[in-house]
Amino acid sequence: MEDRKNLKSGEFLVAETNPESIFIPEEFNEEQQMIAQTCRDFLETEVYPQITELEKGNRDLMKTILKKSGELGLMGVSIPEEFGGFGQSFITQMLVAETTGAGYSFSVAFMAHCGIGTLPVLYYGNKDQRERYIPKLASGELLGSYCLTEPGAGSDANSGKTNAKLSDDGKYYILNGQKMWITNAGFADTQVVFAKIDNDRVLSAFIVESNYPGVVIGPDEHKMGIKGSSTAQIYYNDVKVPVENLLGKRGEGFRIALSILHMGRIKLGANVLGAAKKAINDSVKYANERKQFGVLISTFGAIKHKLAEQVIRLFASESAVYRVSRDIEDLINRLKADCGDTGRATIDAISHYAVEAAILKVIGSEMLDFVADEAVQIHGGMGYSAEMDVERNYRDSRINRIFEGTNEINRLLVADTAMKRAMKGDFDLFGNAAGLYENLGNITDNEISDENYFDEKSRYISGFKKVILICIHGALKKFEKSLIHEQEVMNDIAEMMMETYLSESLKLRVQKLESIKGNISVYKDILDVNIYETSHKIRKSAFDAIVSFADEENSAAVLKAADILTKVRGINIKDARRRIAGKLIEDNSYQF
Ligand SMILES: Cc1cc2nc3c(=O)[nH]c(=O)nc-3n(C[C@H](O)[C@H](O)[C@H](O)COP(=O)(O)OP(=O)(O)OC[C@H]3O[C@@H](n4cnc5c(N)ncnc54)[C@H](O)[C@@H]3O)c2cc1C
């Protein structure tokens, strides 16, 4: 397999990465750490003391807190200095997304404003639109929202019925329709609204000001979680939108919507890390205080298992998040050198990493759900009490699997986008896959001696990748172009891709850590358990896929190959988990 610095999106399936080329969170510089501390302080002083009041649905309070974060400069992190922002690097933006992620409903409102509410104007607006809106959005003087979903158009976002018609005098688009589930609707000053002009097949995008006559905001929805964030329907009744407020070109709206969603997915991947760290901290503190049977519950193996799993899954997700962040940052810098426009370079770079964006969204949201769920369990009955932060975290985490494209849609995107990119010629997926499939007999179960720790892990990960390629080839052979409609098999492939990407990112981080920290034994424990678990997950997904596509005559050979390629040496995962939990329990907070 090839070893290159910046891989193209999805190329990790056929290439190897050098640990030196990835970014790991242990490399944050002083300035980045200070920015993260500012975010944490803001949550401590402005958000947590008000969280109960926010949860009552106090729109004015949320608006006030958002504006304070703007005054502090937090909303300007992604905005270039020429538009009143601080033009921080992409990695720093991700760190801010991570840190504010511990802010419950505030985090959702803040991210919606800074991301989907602001960035379409920054990336696709013309000079006049950027000058009119971006400085005010960067300072929090204006608050933004993003209006794509409609009652009949959710996952199938392009099927919306909201319509725009040019007025007779050619000065306005007359907007009619309805949007649903709009975050920040209750107080946003601006809306990026997607609608079809006349009978167009695809959407266009408009900047709509909430005080335009004919814009009607509904009451807030009663939700399972993120109760402090305003989510409402918006109705457009003959709203006159000045023609100057068409964002991008006519018919470009769907492309804008999708690229902003890629960005939202990547940032969500970072955002959930903050919420998960908060849940882990709450978990270990409680486990270190609560006694049953005369001892602290943190001394029980079953609780240690939970604490360790929380850490392992978070640490792996975090490794993947910052690995992709560096890839994106490098691509932004290369594209910026060509086009000179930071906004365009950023959105193009993010859109390029569509496979990884979908991976981060799915693994991150499911990691947080797991961590938040176990946090409740570690608290026992108290975890079910509405007085506890873990209860709120549990309710709030669930939305992440639904918005920014549901996890079902994103799983399909993981596998489908990688195959499409390969078909376009970005990397040789199909040649490699065919080569493996046609030589299954060459895959043998040889004993390997004298292998160092990381070489062994690399060999396992390379084996996982081979299994994925074999499955892709076999599935395409059987289903051809209709593979996209065999969603169960597509899901199996996506599952394997996601788990492999996670394991590889984790391995690269631990490998790089060796030169930064002297003793990495606990990180090796994390990697050991992850690889062990991943091998079982890959084996299961591969077997599920193979028995769904392979004919009777060759299924035995394909299953045997998958079996060999997912074999890993047994390790004492109980002891490894105990050591991981031991560090967490001793530190009494997440300090990995
Ligand atoms: C709290 C909250 C905040 C939100 N904020 C915003 C916002 O600010 N702006 C905005 O525009 N939208 C927002 N949304 C909307 C959100 O993006 C949509 O709810 C989401 O895209 C899913 O659409 P839907 O609810 O219509 O579900 P549906 O699309 O009806 O999906 C129902 C189920 O079918 C599955 N499904 C659908 N299509 C397929 C397929 N092709 N293959 C397999 N399975 C499929 C889905 O995965 C899901 O499980 C928000 C939603 C919520 C709940």
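In the block above lies the structure referred to throughout.
Note that the coordinates shown come from a computational prediction; the quantities given were computed from them, not determined experimentally. Each chain carries its own residue numbering, running from 1 in the written order of its sequence. Residues qualify for local features only when their pLDDT is at least 70, as the model is predicted, and side-chain atom pairs are given and counted only at 80 or more; totals for whole chains, interfaces and linings, by contrast, use all residues. Here the side-chain values reflect all heavy atoms present in the structure, with hydrogen atoms and water set aside.

Notes on the pairing of strand 5 (residues 172–183)
No. 1: The pairing criterion is simple: DSSP has to find at least two bridges between the two strands. Under the DSSP-based scheme used, a helix requires at least four consecutive residues in state H or I and a strand at least two consecutive residues in state E, with every element numbered from the N terminus. Where strand 4 (residues 163–166) lies against strand 5, 4 bridges are found, and the strand directions are antiparallel. Directly across from Leu166, in strand 5, lies its bridge partner Tyr173.
No. 2: As consecutive antiparallel partners, strand 4 and strand 5 are separated by 5 residues, and within that stretch Gly170 has a phi angle of approximately 70 degrees, a positive value.
No. 3: Two elements, strand 5 and strand 9 (residues 231–242), share 9 bridges in a ladder whose sense is antiparallel.

Some details on helix 12 (residues 389–397)
No. 1: Extensive coverage of helix 12 is indicated by the burial of 7 of its 9 residues.
No. 2: All buried positions along helix 12 are accounted for by Val390, Glu391, Arg392, Asn393, Arg395, Asp396 and Ser397.
No. 3: A contact between two residues is defined here by any heavy atoms of the two lying within 4.5 Å. Where helix 12 is buried, its residues touch helix 2 (51–55), helix 5 (104–114), helix 8 (253–287) and helix 11 (354–378). Burial classification: accessible surface area is computed with a 1.4 Å probe over protein chains only, and a residue below 20% of its type maximum counts as buried, one above 50% as exposed, and the rest as partly exposed.

Here's the deal with the pattern of salt bridges
No. 1: The term salt bridge refers to a side-chain nitrogen of Lys or Arg lying within 4 Å of a carboxyl oxygen of Asp or Glu. Tallying each qualifying case throughout the model produces 43 salt bridges.
No. 2: Here Lys278 and Asp389 are joined by a salt bridge, their closest N and O atoms 2.9 Å apart. Taken together, the residues span a long stretch of sequence, with Lys278 in helix 8 and Asp389 in helix 12 at a distance of 111 residues.
No. 3: For Asp389, a relative accessible area of 29% translates into the label partly exposed.
No. 4: One salt bridge in this structure joins Glu318 and Arg509, with 3.0 Å as the shortest N-O distance. You can see Glu318 sitting in helix 9 (residues 301–339) and its partner Arg509 sitting in helix 16 (residues 487–516), a full 191 residues away along the chain. For the pair formed by Glu318 and Arg509, the shared burial category is buried.

So, the environment of Lys306
No. 1: One can find Lys306 in helix 9.
No. 2: By relative accessible area, which is 19% here, Lys306 ends up buried.
No. 3: Residues Lys306 and Ala375 lie 69 residues apart in sequence; the distance between their C-alpha atoms is 8.5 Å.
No. 4: With residues up to four places along the chain from it excluded, the contact list for Lys306 reads Glu374, Gln377 and Ile378.

Here we look at the site of the ligand
No. 1: Residues are counted as near a molecule or strand when any one of their heavy atoms sits within 4 Å of it. Near the ligand you find 21 residues, and of these Thr149, Ser155, Trp181, Thr406 and Glu408 are the closest.
No. 2: Pairs of N or O atoms are called polar contacts if they sit within 3.5 Å, as long as, within protein, a hydrogen donor faces a hydrogen acceptor (for residues adjacent in sequence, only side-chain-to-side-chain pairs). At 2.6 Å, a side-chain N or O of Ser155 approaches an oxygen atom of the ligand.
No. 3: Taking Glu408, its side chain carries an N or O atom lying 2.7 Å from an oxygen atom of the ligand.
No. 4: Surface accessibility follows the Shrake-Rupley procedure with a 1.4 Å probe radius. Residue values consider only the protein chains on display as shielding. Isolated, the ligand exposes 980 Å² of accessible area, and the fraction of that covered by the protein chains is 67%.

With respect to the environment of Val355
No. 1: Turning to its location among the elements, Val355 is positioned in helix 11.
No. 2: With a relative accessible area of 0%, Val355 lands in the buried category.

So, the side chain of Asp528
No. 1: When you line up the elements, Asp528 lands in helix 17 (residues 521–549).
No. 2: Of the residues examined, Asp528 reaches a relative accessible area of 14% and is grouped as buried.
No. 3: Within the structure, the side chain of Asp528 is placed 2.8 Å from the side chain of Tyr453, a separation counted as a polar contact.
No. 4: Each residue touching Asp528, except ones within four places of it in the same chain, is listed here: Tyr453, Lys457 and Ile571.

Observations regarding the nonpolar core
No. 1: In plain words, nonpolar cores are sets of buried Ala, Val, Leu, Ile, Met, Phe, Trp, Tyr and Cys residues tied together by side-chain atoms within 4.5 Å. One finds Met497 and Phe592 to be the most contacted residues of the largest nonpolar core, which totals 200 residues.
No. 2: Take this core: its biggest share by element is 17 residues, from helix 8.
No. 3: When near neighbours in sequence (up to four residues on either side) are disregarded, Met497 contacts Phe12, Leu13, Val355, Val414, Ala415, Ala418 and Ile468.

A few points about unusual backbone geometry
No. 1: One non-glycine residue, Asp238, lies in positive phi territory at about 50 degrees.
No. 2: With respect to the helices, strands and loops of the structure, Asp238 is situated in strand 9.
No. 3: Judged by relative accessible area, Asp238 falls into the exposed class, the value being 51%.
No. 4: The backbone of Glu480 sits at a positive phi, close to 50 degrees, despite the residue not being glycine.

A word on the packing of aromatic side chains
The description of two aromatic rings rests on the distance between their centres and on the angle between their planes.
No. 1: Stacked, tilted and edge-to-face are the three classes applied to pairs of Phe, Tyr and Trp rings, where Trp contributes its six-membered ring and a pair requires centres within 6.5 Å; stacked means planes under 30 degrees apart, edge-to-face means over 60, and tilted covers the rest. In this structure the tally under the stated criterion is 14 aromatic pairs.
No. 2: The interplanar angle of 85 degrees and the centroid separation of 5.0 Å between the aromatic rings of Tyr453 and Phe454 together place this pair among those described as edge-to-face.
No. 3: Pairing Tyr590 with Phe592 gives two aromatic rings, centres 5.3 Å apart and planes at 45 degrees, and the pair type is tilted.
No. 4: Assessed through its relative accessible area of 11%, Tyr590 is described here as buried.
No. 5: Here, a charge over a ring means that NZ of Lys or CZ of Arg falls within 6 Å of the ring centre while also lying within 35 degrees of the ring normal. Lying across the ring of Tyr48, Lys278 places its NZ or CZ 5.5 Å from the centre.
No. 6: Between the NZ or CZ atom of Arg539 and the centre of the ring of Phe543, over which it lies, the distance is 4.5 Å.

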